[in-house]
Amino acid sequence: ALQAGVLVTLQQQDVARFLQKIASEYDLVFIDPPYEVNNSELIGQLSALTKHLADGALVCIERSSRSERLTPDFGFSELETKTYGDTAVSFWQFAK
């Protein structure tokens, strides 16, 4: 259950357009790109996202379990990755 005063915003759109127009800081982000998005494109999107993340923010990324391991090197620490058939879900924590 959400506590009073907690704001939840759901955005379903292209990440590049979304990142161009936001000014908020987020604590929790779910990313579900098309499975064919490559690591360099996803890392570029994560890099652009960092200026909108609170210290300690949690980022959850759903990808193909066949995707190359993601290794962003700019403030993200991998907490855990779970694989469910063709899907891998990774949990990352961001530190400024």
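Residues numbered from 1 in each chain as written. Predicted model: local features only at pLDDT ≥ 70, side-chain atom pairs only at ≥ 80, totals over all residues. Heavy atoms only, no water.

Along the chain, the position of Ser 64 falls in strand 2 (residues 53-64). Ser 64 sits in the buried class, given a relative accessible area of 7%. In contact with Ser 64, other than residues within four places in its own chain, are Tyr 35, Asp 86 and Ala 88. (Helix = DSSP H or I, 4+ residues; strand = E, 2+ residues; numbered from the N terminus. Buried < 20%, exposed > 50% of the residue type's maximum accessible area, 1.4 Å probe, protein only. Contact = heavy atoms within 4.5 Å.)

The subject of this paragraph is the packing of aromatic side chains. Scanning the entire structure with this criterion turns up 3 aromatic pairs. Centre to centre, the rings of Phe 18 and Tyr 26 are 6.2 Å apart; their planes meet at 50 degrees, and the pair counts as tilted. Tyr 26 carries the same exposure label as Phe 18, and that label is buried. When the centroid spacing of 5.7 Å and the interplanar angle of 80 degrees are considered together, the rings of Phe 74 and Phe 76 count as edge-to-face. Residue classification places Phe 74 among the partly exposed positions, given a relative accessible area of 25%. Put simply, the rings of Phe 74, Phe 76 and Phe 94 touch in pairs and so form one group of aromatic residues. (Phe/Tyr/Trp six-rings, centres within 6.5 Å; stacked < 30°, edge-to-face > 60°.)

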